[in-house]
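Inside the fold
Spelled out from the first residue to the last, the chains are:
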Amino acid sequence: MLKWFRRKFKKKTEEIPSAEGTSPETPIQESPSRESPPPETSPLTPPPAESGVQPAEEAAEEKKLWDRFKKGLTKTRERLKEGLAELFEVDRLVDQAFLEELEELLITADIGIETVNRLLEPSRRKLLLGEPLKVSELKRSLREEILRMLDLPTPPFPPEASPAVVFFIGVNGVGKTTTLAKVAWHLKERGFSVLAVAADTFRAAAIEQLVTWGERVGFEVIRQAQGADPGAVVYQGLEAAKARGVDVVLVDTAGRLHTKYNLMEELKKMVRVAGKVIPEAPHENILVLDATTGQNAVSQAKLFGQAVRLDSLILTKMDGTAKGGIAITVAHLFRLPIRFVGLGEKMEDLAPFEPRAFVQALMP
């Protein structure tokens, strides 16, 4: 469980603080915690620890994560439930009409047609061969196929480098800067020193926003004036990180439109500059996508992937959409592991992605 998320050292479990006030991009609001019952045992329930006894701290963290996914995916789950409850109510034999209705329901959750076809392929093959297929078997197959798409090999985070350089990439409005701050909070909770680079020099507000987050969360920000060369800011930031022995450098790039050629070229330049200062940097390029944009996220992933190497995804605002199936689509089409999912506005609501918890919350 969450083995890819490294800790620099063991820390005593403390009450998680929430940010005070209102962020420049996304407000951080206090919300009362609700106790949720533990998830029902299912084929997707995480296996026990190898020793047979799960440490109490890990078990508590696991339960919190499952509860957060269940709560954060409420809108998508309810959208699917409206149709799936009726379809799956009776464990009868599946026919072609059933599959067509199921296909339509999955598409309404913003699972792309190519991905839906792949999910239903095993069931369609059975029908073509004349083999009987019951609803319960189909449901189990569907969950297994979704899990297979999402459960991709995921290297440890932060990357094994010193300093580890991580670029945050994406269009305007997806919440890159706020997401960067939340990732910084996660890293600091695990004992890593963090430095941020304000390489979005096109907007003065972006620089000020990152500085505000740095003061709130507790990390230093390397910046220059609005209009400065983003590549020069990256150079300055990485040189500072090397001199100060910082563990992780988080680079906030401009919210460039993926259809603007000159801005994409600027992003490529920043990547080249990073590689000259620190060999093999950036060590991870994270594409930040807004889950509420639905299928537009697919075109963003495609075009950014043509400009620079993409290593992983963060999906924000998952709790604000009934179309959370976009996570399945993007992971399937681009074979990119999902690092975090935004399930709320508090710091800890940027949850490390756990495929089994996601599938269980989406299709219990």
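Not measured: the values here are computed from a predicted model.

So, how was this worked out
Residues numbered from 1 in each chain as written. Predicted model: local features only at pLDDT ≥ 70, side-chain atom pairs only at ≥ 80, totals over all residues. Heavy atoms only, no water. Phe/Tyr/Trp six-rings, centres within 6.5 Å; stacked < 30°, edge-to-face > 60°. Helix = DSSP H or I, 4+ residues; strand = E, 2+ residues; numbered from the N terminus. Buried < 20%, exposed > 50% of the residue type's maximum accessible area, 1.4 Å probe, protein only. Core = buried A, V, L, I, M, F, W, Y, C linked by side-chain atoms within 4.5 Å. Contact = heavy atoms within 4.5 Å. Pairing = 2+ DSSP bridges. Expected span 1.5 Å × (residues − 1). Arc of directions from axis to C-beta. Salt bridge = Lys/Arg side-chain N within 4 Å of Asp/Glu carboxyl O.

Quick look at the packing of aromatic side chains now. Per the counting criterion, the structure on display carries three aromatic pairs. With centroids separated by 6.1 Å and ring planes inclined at 80°, the aromatic side chains of Phe-157 and Phe-340 adopt a geometry described as edge-to-face. Residue Phe-157 is located in the loop between α5 (135-150) and β1 (164-169), and its partner Phe-340 is located in strand β7 (residues 338-342); the two are separated by 183 residues in the primary sequence. Both residues of the pair, Phe-157 and Phe-340, belong to the buried class.

As a further point, take the nonpolar core. Counting 114 residues, the largest nonpolar core has Phe-69, Leu-102, Phe-219, Leu-250 and Phe-358 as the members making the most contacts within it. For Phe-358, the residues in contact, after removing those within four places along its chain, are Phe-69, Leu-73, Leu-150, Met-318, Gly-324, Ala-327, Ile-328 and Phe-353.

Quick look at the pairing of β7 now. Counting buried positions along β7 gives five out of five residues, so the element sits mostly inside the fold. As judged from the three bridges shared by strand β6 (residues 312-316) and β7, these two strands associate in the parallel manner. Bridged to Ile-314 within β7 is Phe-340. Summarising the sheet, β7 and strand β8 (residues 350-352) pair through three bridges and their orientation is antiparallel. When the bridges of β8 are listed, Phe-340 appears paired with Pro-352.

For the rest of this paragraph, the subject is the environment of Ile-207. Here Ile-207 lies in helix α7 (residues 204-217). It is 9.0 Å that separates the C-alpha atoms of Ile-207 and Val-221, two residues lying 14 residues apart in sequence. Beyond its immediate chain neighbours, meaning those up to four positions away, Ile-207 contacts Ala-198, Asp-200, Thr-201, Arg-223, Gln-224, Ala-225 and Gln-226.

Looking now at the pairing of β1. Across the six residues of β1, six count as buried, placing the element largely inside the fold. On β1, burial covers both faces: Ala-164, Val-166 and Phe-168 on one face and Val-165, Phe-167 and Ile-169 on the other are all buried. When β1 meets strand β4 (residues 248-252), the two strands line up parallel, connected through five bridges. Along β4, the bridge assignment pairs Ala-164 with Val-248.

One turn of an α-helix holds 3.6 residues; hence residues three or four places apart share an orientation. For helix α3 (residues 96-108), spanning 13 residues, the distance from its first C-alpha to its last is 19 Å, which sits close to the expected 18 Å at 1.5 Å a residue. When α3 is considered as a whole, its buried residues turn out to be Phe-98, Leu-99, Leu-102, Glu-103, Leu-105 and Leu-106. Buried residues in α3, looked at end-on, bunch into an arc of 165°, giving them a common side. Turning to α3, the residues buried within the fold contact α2 (74-87), α4 (113-128) and α5. Taken from the residues just after α3, Asp-110 is the one with a positive phi, measuring 70°.

Taken as a whole and assessed by the stated rule, the structure comprises 16 salt bridges. A salt bridge links Glu-145 to Arg-148; the shortest N-O distance between them is 2.6 Å. Of this pair, Glu-145 and Arg-148 both sit in helix α5, separated by three residues, roughly a single helical turn. Using a relative accessible area of 9% as the deciding quantity, one classes Glu-145 as buried. Taking relative accessible area as the criterion, Arg-148 reaches 47% and is therefore assigned partly exposed. One salt bridge in this structure joins Lys-242 and Glu-239, with 3.8 Å as the shortest N-O distance. Of this pair, Lys-242 and Glu-239 are both found in helix α8 (residues 230-244), three residues apart, which corresponds to roughly one turn of the helix. When its relative accessible area of 41% is taken as the criterion, Lys-242 is described as partly exposed.

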